[in-house]
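Fold and contact review
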Amino acid sequence: MAAKTSDQAVAMTTPAAKKKKRSQRAELWRRFKKSKTALIGLGLLALVLVTAIFANQIAPHPYDGMNLMVRRQPPSAEYLMGTDHMGRCVFSRVVYGTRISLVVGFFAVLLSAIAGGTIGAISGFYGDKVDNFIMRIIDVVLSIPPILLAIAIVSAFGGSLVNVMIAIAIGYTPRFARVVRGSVMTIKEDEFIDAARVLGASDYRIITKHIMPNALAPVIVQGTLFVAMAILQAAGLSFIGLGAQPPTPEWGAMLSTGQNYIRDAWWMSVFPGLAIAFTVLSLNLLGDGLRDALDPRLKT
Amino acid sequence: MMEEKLLEVENLQKIFNTPRGALHAVDNINFFVRKGETLGLVGESGCGKSTTGRMIVRLTQPTSGRIMFQGQDIHILNKKQLKETRKNIQMVFQDPFSSLNPRMSVSDLIKETFDIHKVYRKDKERDERVLEIMNVVGLSPRLVNSYPHELDGGRRQRVGIARAIALNPKCIVLDEPVSALDVSVQAQILNLLDRLQDEFKLTYLFIAHDLSVVKHVSDRIAVMYVGKMVELTDYKTIFKEPLHPYSRALISAIPTPNLKKKKDRIILEGDVPSPINPGPGCRFYPRCRERIDPICKETEPEMREVKPGHFVACHRAE
């Protein structure tokens with residue numbers, strides 16, 4: 001939708017108007033960069049993203065390249081983070097693991113944002129009985145601890161990364177639904193919704209063009225924070241053997257293998273653990289910063 | 001003046017169910033608006049004038065009564081008919097800060113009216129029309145991609161008006177269109193509305209709490225008090241010989257610039273009665289200086305035509 005708007009803008013633009021169009025985003029950036037922690041978060045996340053994208057170039061060894069001659073070597077110039085019990089380069093595995101964690105976290109959240117957003121929008125917009133019905137179902141789903149729910153789903157459908165993704169998405173869908181429902185209910189009462197109605201706008205138009213764009217800010221903030229939680233959860237599931245299957249270099253799975261050797265090969269578990277902490281921290285910092293920048297009520 | 005009645009309201013009633021009882025927001029009011037005229041609807045806040053306006057544009061469902069537009073009851077229309085009718089009855093909202101979607105630019109906001117009704121096939125024609133309408137309401141073309149938060153109140157209200165007139169409606173409900181604006185801007189907007197009325201042969205229902213604003217724009221003025229209409233007549237008569245004690249109090253409250261002229265202000269005492277479960281008598285009874293006991297307390301005065309075109313709901317009116 002953003003692309004469409006800017007196309008229209010180009011079609012009927014004077015230079016002054018063009019400048020204005022940019023200023024809204026500039027304003028957002030100005031507020032965002034006021035917070036140092038948010039900037040650090042963004043920087044760290046950028047680092048993580050670069051690692052994921054250029055994993056092929058960064059990793060010195062293939063993630064599944066076994067070399068039994070160099071089992072459980074401590075960190076050295078050749079193996080920056082040492083090697084594991086099969087002689088695989090821990091550094092390379094951590095680097096490739098970035099891809100997996102980001103993809104799983106991002107898509108799980110995207111999936112739940114779409115599903116939860118739709119459910120929440122319908123619930124908040126129509127209110128009354130529809131709302132009551134949907135929210136009770138959501139209460140039920142929410143009463144199950146997400147990790148338990150994920151374990152149940154993954155054990156029912158078999159352990160794989162795709163199933164982990166779906167299981168996590170199901171866990172977060174009600175959370176998104178709640179967030180979206182809340183903001184839809186507030187926005188629904190705004191006068192510009194009445195104004196659209198008087199013009200003859202349909203419910204569909206009102207939801208998609210008027211309510212959702214205004215309800216997006218909290219969704220983005222929640223989304224960022226949920227990606228962090230989803231990454232943790234995916235690592236947790238892999239740790240207990242329900243997620244990624246060997247030889248996939250998943251951080252949680254690496255931790256789980258590493259724990260058997262923690263006394264004499266601490267690097268096997270410490271580095272994947274640090275990677276998880278690093279990524280989650282960057283997302284959390286970014287999410288907090290975004291919340292401050294996007295929430296006009298905190299605008300100073 | 002043409003005699004054709006464009007809009008007719010019959011026994012319109014709106015009761016809200018509140019935890020404390022039935023709130024009679026609008027209670028059995030009757031009036032009509034002739035084609036091309038401006039009917040001013042005044043009253044203090046909470047008297048039901050905005051609810052009346054909202055029912056006319058079908059934002060609020062009446063409890064009972066009919067709203068006839070061109071002889072057609074607008075509350076029994078099906079979806080398609082309603083959409084057609086909406087083209088003809090538009091509304092300008094009170095608060096231009098909240099009645100425009102903050103995520104839409106000026107051009108998006110005006111375009112929307114055409115998109116909803118699929119008026120133009122080609123985007124180019126539509127975009128030209130957007131600029132044309134901006135010109136009509138006095139918005140500079142350089143504002144086309146501005147967002148509402150970048151505009152001042154007057155310009156925002158011009159955008160609101162542009163949206164209202166974009167589809168060439170016959171009737172516009174103006175719900176306190178200037179009360180949220182600075183006094184200097186108020187005059188500009190009132191002049192704009194006046195010019196548009198002449199240019200497009202519009203019919204206005206002008207809702208306001210300020211008689212001095214309504215005075216300048218209305219052909220006839222209706223006064224409401226706690227859900228009831230108490231007086232309805234042309235704009236000259238209401239200022240010269242108001243018959244209802246409440247109208248008299250309202251008119252005496254208009255500030256006059258003449259210092260020498262001694263003003264005889266009627267200060268109303270007591271509070272506005274609650275519209276929840278009102279008693280049987282006149283709503284104005286507790287504050288009325290001219291009440292007659294016991295009739296005013298026990299019987300509600302009906303709206304009567306005391307002189308041609310002059311309606312009053314008061315037991316004293318002759």
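These lines cover the structure that appears in this document, whether it is placed above or below. (Residues numbered from 1 in each chain as written. Chains lettered and ligands numbered in written order. Predicted model: local features only at pLDDT ≥ 70, side-chain atom pairs only at ≥ 80, totals over all residues. Heavy atoms only, no water.)

Helices and strands together make up the secondary structure of chain A, namely twelve helices and zero strands. Along the chain direction, N to C, the helices and strands of chain A fall in the order α-α-α-α-α-α-α-α-α-α-α-α. Expressed as lengths along the three principal axes of its C-alpha atoms, the size of chain A is roughly 75 × 50 × 35 Å. Looking at the 300 residues of chain A, the share that counts as buried comes to 47%. The long-range fraction of contacts in chain A, counting pairs at least 24 apart against all pairs at least 6 apart in sequence, stands at 70%. Split by element, the accessible area of chain A, about 14900 Å² in all, is 67% carbon and sulfur. Side chains of chain A carry 30 positive and 18 negative charges; the gap between the two charge centres is 6 Å. (Helix = DSSP H or I, 4+ residues; strand = E, 2+ residues; numbered from the N terminus. Buried < 20%, exposed > 50% of the residue type's maximum accessible area, 1.4 Å probe, protein only. Contact = heavy atoms within 4.5 Å. Areas by Shrake-Rupley, 256 points an atom, 1.4 Å probe, with all protein chains shown as cover. Lys, Arg positive; Asp, Glu negative; His and termini not counted. Charge placed at Lys NZ, Arg CZ, Asp CG, Glu CD.)

Our focus in this paragraph is the interface of chain B and chain A. At the interface, 37 residues of chain B touch 26 residues of chain A. Of the roughly 2800 Å² buried between chain B and chain A, counting both surfaces, carbon and sulfur atoms make up 54%. Joining chain B to chain A, the criterion identifies two salt bridges. Here aspartate 194 of chain A ties to arginine 54 of chain B by a salt bridge, and the two come within 2.9 Å at their closest N and O atoms. The tally of links from chain B across to chain A stands at twelve residue pairs in polar contact (both at pLDDT 80 or more). (Buried area = accessible area lost by both parts, 1.4 Å probe. Salt bridge = Lys/Arg side-chain N within 4 Å of Asp/Glu carboxyl O. Polar contact = N/O pair within 3.5 Å; in protein donor to acceptor, adjacent residues only side chain to side chain.)

Let us look at the pairing of strand E2 (residues 21-34) of chain B. Residue and element names in this part refer to chain B. Counting buried positions along E2 gives eleven out of 14 residues, so the element sits mostly inside the fold. Two elements, strand E1 (residues 5-18) and E2, share ten bridges in a ladder whose sense is antiparallel. Looking at the pairing, glutamate 8 lines up with phenylalanine 32 of E2. In this antiparallel pair of consecutive strands, E1 and E2, the connection spans two residues. (Pairing = 2+ DSSP bridges.)

Our focus in this paragraph is the packing of aromatic side chains. Using the criterion set out here, one finds twelve aromatic pairs over all chains in the structure. An aromatic cluster of three or more residues is present, and its members are Tyr172, Phe176 and Phe226 of chain A. Lying over the aromatic face of phenylalanine 32 of chain B, arginine 220 of chain B brings its terminal NZ or CZ to 4.7 Å of the ring centre. (Phe/Tyr/Trp six-rings, centres within 6.5 Å; stacked < 30°, edge-to-face > 60°. Lys NZ or Arg CZ within 6 Å of the ring centre and 35° of its normal.)

So, about the sheet that holds strand E9 (residues 220-225) of chain B. All names here are of chain B. Taken together, the eight strands give an open sheet; going across it, the order is E6-E7-E8-E3-E9-E10-E12-E11, and neighbouring strands pair in mixed fashion. Each edge of the sheet is formed by a strand with only one pairing partner; in this case those strands are strand E6 (89-92) and strand E11 (304-307). Each strand of the sheet is rotated relative to its neighbour by a mean of 20°, with strand direction disregarded. Packed on one face of the sheet, helix H5 (residues 153-165) meets E6 and strand E7 (171-175) and runs near 175° to E6. (Axes fitted to C-alpha atoms, helices over the stretch in contact; angles between N-to-C directions.)

Turning our attention to the sheet that holds E1 of chain B. All names here are of chain B. Strand order in the open sheet made by the four strands is E2-E1-E4-E5, with antiparallel pairing throughout. Each of the sheet's edge strands pairs with one partner strand only, and the pair in question is E2 and strand E5 (72-73). Looking at chain direction, strand E4 (residues 64-69) and E5 are connected through two bridges and run antiparallel. Bridge pairing in E5 places methionine 68 opposite aspartate 73. Across the face of the sheet, helix H1 (residues 49-56) comes into contact with E1, E2 and E4 while running at roughly 115° to E1.

What follows concerns the pairing of E6 of chain B. Residue and element names in this part refer to chain B. Residues Ile89 and Met91 of E6 are buried on one face, and the alternating residues Gln90 and Val92, pointing to the opposite face, are buried as well. Examined bridge by bridge, E6 and E7 share four bridges and lie parallel to one another. Bridge pairing in E7 links valine 92 to leucine 174.

Before going further, it helps to spend a moment on the packing of helix H6 (residues 128-142) of chain A against helix H8 (residues 161-188) of chain A. Residues and elements named next belong to chain A. Relative to each other, H6 and H8 sit at 140°, their axes nearing to 9 Å. Here H6 is positioned oblique relative to H8, judged by the angle of their axes. By crossing handedness, the relation of H6 to H8 is classed as left-handed. On H8, the residues that touch Asp131, Met135, Ile138, Asp139, Val141 and Leu142 of H6 are Ile170, Pro174, Arg175, Ala177, Arg178 and Arg181. Residue classes in the contact of H6 with H8 are distributed as seven nonpolar, no polar and five charged. (Parallel < 35°, antiparallel > 145°, perpendicular 65-115°, else oblique. Left-handed = near helix turned anticlockwise from the far one by under 90°. Nonpolar A, V, L, I, M, F, W, Y, C, P; charged D, E, K, R; others polar.)

For the rest of this paragraph, the subject is the nonpolar core. Soluble, globular proteins show a tendency: their nonpolar side chains are buried together. With 73 residues, the main nonpolar core has Val90, Val94, Val164, Ile168, Ile206, Ile211 and Leu237 of chain A as its most contacted residues. Broken down by secondary-structure element, the contributors of at least two residues to this core are helix H3 (36-53), helix H5 (90-126), helix H7 (146-157), H8, helix H9 (191-199), helix H10 (203-239), helix H11 (251-258) and helix H12 (267-294) of chain A. Among the elements that take part in this core, H10 of chain A stands out by supplying 16 residues, more than any other. Discounting residues that sit within four places of it in the chain, isoleucine 211 of chain A has contacts with Phe125, Val184, Ile187, Lys188, Ile193 and Ile206 of chain A. Within the second largest apolar cluster, 57 residues are counted, among which are Ile133, Ala164, Leu190 and Tyr225 of chain B. (Core = buried A, V, L, I, M, F, W, Y, C linked by side-chain atoms within 4.5 Å.)

Limitation: the analysis is restricted to geometry and does not speak to function.
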